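# Commentary on secondary and tertiary structure
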Amino acid sequence: MKINNLKLKKITALFLSVLISTLSLTTHIENNVIAINNTQTYTVFSSSGTYKRNYTLQANPVQDNSRDIIGIDDRYSDNRLSGVVKIYTSSSTGTGFFVDEHTIATAAHCVFNEETGNFNNSYSKISSICIYDENGRSKQLIRSAYEVHIPNEYISRRMNNNNNNNNDNSYYLYDYALITISEDLDNIDDYLNFNLGVATDNIAGSSLPIYTTGFPSDKTGKYTCPGKVTSIENGCLNSKVIGDDKNIITNLDVISGQSGSPIYTYTEYNNQKYYTVIGIAAYSHAECIDQNGNISNEGLVKQMSNCGPKMTTELLHFYKNNSNIEW
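Positions within a chain are numbered from 1, following the residues in the order the chain's sequence is written. Totals for whole chains, interfaces and linings use every residue, but because this is a predicted model, local features are given only for residues with pLDDT of at least 70 and side-chain atom pairs only at 80 or more, for both listing and counting. Computation of side-chain values covers all heavy atoms of the structure but excludes hydrogens and water.

## Let's talk about the overall build of the protein
For the purposes of this entry, the term helix denotes a DSSP run of H or I that reaches at least four residues, the term strand denotes a run of E that reaches at least two, and both are numbered from the N terminus. From N to C terminus, the protein includes 3 helices and 18 strands. Counting all 327 residues of the protein, 57% fall into the buried class. When the accessible area of the protein is evaluated, it comes to approximately 13,700 Å², of which 44% is carbon and sulfur surface. Burial here depends on accessible area, computed with a 1.4 Å probe over protein chains only, as a share of the maximum for the residue type. Under 20% is buried, over 50% is exposed, and the range in between is partly exposed. Calculation of accessible area relied on Shrake-Rupley with a 1.4 Å probe; when residues are assessed, cover is drawn exclusively from the protein chains displayed.

## Digging into the environment of Asn-161
Considering the arrangement of structural elements, one finds Asn-161 in helix H2 (residues 152-164). Between the C-alpha atoms of Asn-161 and Glu-114, which are 47 residues apart in sequence, the distance is 9.9 Å.

## A closer look at the environment of Phe-112
With respect to the helices and strands, the residue Phe-112 is situated in the loop between strand E6 (103-106) and strand E7 (126-132). Residues Phe-112 and Ser-92 lie 20 residues apart in sequence; the distance between their C-alpha atoms is 9.6 Å. Not counting chain neighbours up to four residues away, the residues in contact with Phe-112 comprise Phe-45, Gly-117, Asn-118, Asn-121, Ser-122, Ser-124, Ile-150, Tyr-154, Ile-155 and Arg-158. Contact criterion: two residues are considered in contact whenever any of their non-hydrogen atoms come within 4.5 Å of each other.

## A word on the pattern of salt bridges
In what follows, salt bridge is the name for a side-chain nitrogen of Lys or Arg lying within 4 Å of a carboxyl oxygen of Asp or Glu. Summed over the entire model, instances satisfying the criterion amount to 8 salt bridges. The partner of Arg-53 in a salt bridge is Glu-147, and the shortest N-O contact between them spans 2.6 Å. In this structure Glu-147 comes out as buried when scored by relative accessible area, which is 0%. Where Glu-114 meets Arg-158, a salt bridge forms, and the shortest distance between an N and an O atom there is 3.2 Å. On the criterion of sequence distance, the pair formed by Glu-114 in the loop between E6 and E7 and Arg-158 in helix H2 is long-range, its members being 44 residues apart.

## Structural notes on the pairing of strand E13 (residues 223-227)
In terms of burial, E13 is largely enclosed, as 4 of its 5 residues are buried. Any two strands between which DSSP finds at least two bridges are classified as paired. The pairing of strand E12 (residues 210-214) with E13 spans 5 bridges and is antiparallel. Within E13, the position partnered with Thr-212 by the bridge is Cys-225.

## Some points on the nonpolar core
Phe-98, Ile-129, Ile-150, Ile-179 and Tyr-319 are the most contacted members of the largest nonpolar core, which totals 60 residues. If you tally residues by element for this core, the top one is E7, at 5 residues. Residues belong to one nonpolar core when they are buried, are Ala, Val, Leu, Ile, Met, Phe, Trp, Tyr or Cys, and are joined through side-chain atoms within 4.5 Å.

Below is the structure:
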């Protein structure tokens, strides 16, 4: 069925998420939101990877993808937040997180085969989605994935990069997606751990602690890493696409398998705990300098950052106010 009958509920959750984001962030940084909110077109695939339809969301302001260990490995085993799930596909494993009863957010490259995918077929079949309990044991295996929504900009830019071999990494800007599931889960409130919030300007370099939780491929189980939002100069990975308008740039330790993990803040308000997602972990960025000290595509790595799509009003519209979502 379509989600229209829950539209009021989703809109209420949307405005609540913006409120919570404000409560979480403005004590640390200036309250000026970068309102990235352009018209975007999305392609919908079945869970088996075949094309179903496409749609456009008009701008509607509503208030190797390897990653790296940066410095010391700060990750620790953490089985809380059962709404962070492991995604198994025909091409890889990744991480996702529930944003409502039937919708899971993740990175686009987790559910789209970057080498062969196109507008007709994602070539990435979702086999299962696993929920773990607080003891790290498999609690529920979801085999009812229904649809996958991926930005057209991601698909076209990724295909252009593959076809022309031009090292154009601008598809990084659109490396986000959603999965819908048709199953009505028991105890769903246990999995709705996160609100979505728009990160404000000048968050980079602030003292605001951030976290990410997911399933790194070099570990067994779910891990969390603390860190902060950083900034980065122009670098060697076509750095023109790296910026803080659509990206969140961090020193969080994130490696393969953890793509699609939520990047979130944590706060307590009126004795309630709130986890607010401000970005999605997706890729790494290396800044390189040559022997003359100039930035180049090769040379000594000067600085590493792990990056991903920033939660903006555009993404809130996609995840929380999208009448095209079906299950």
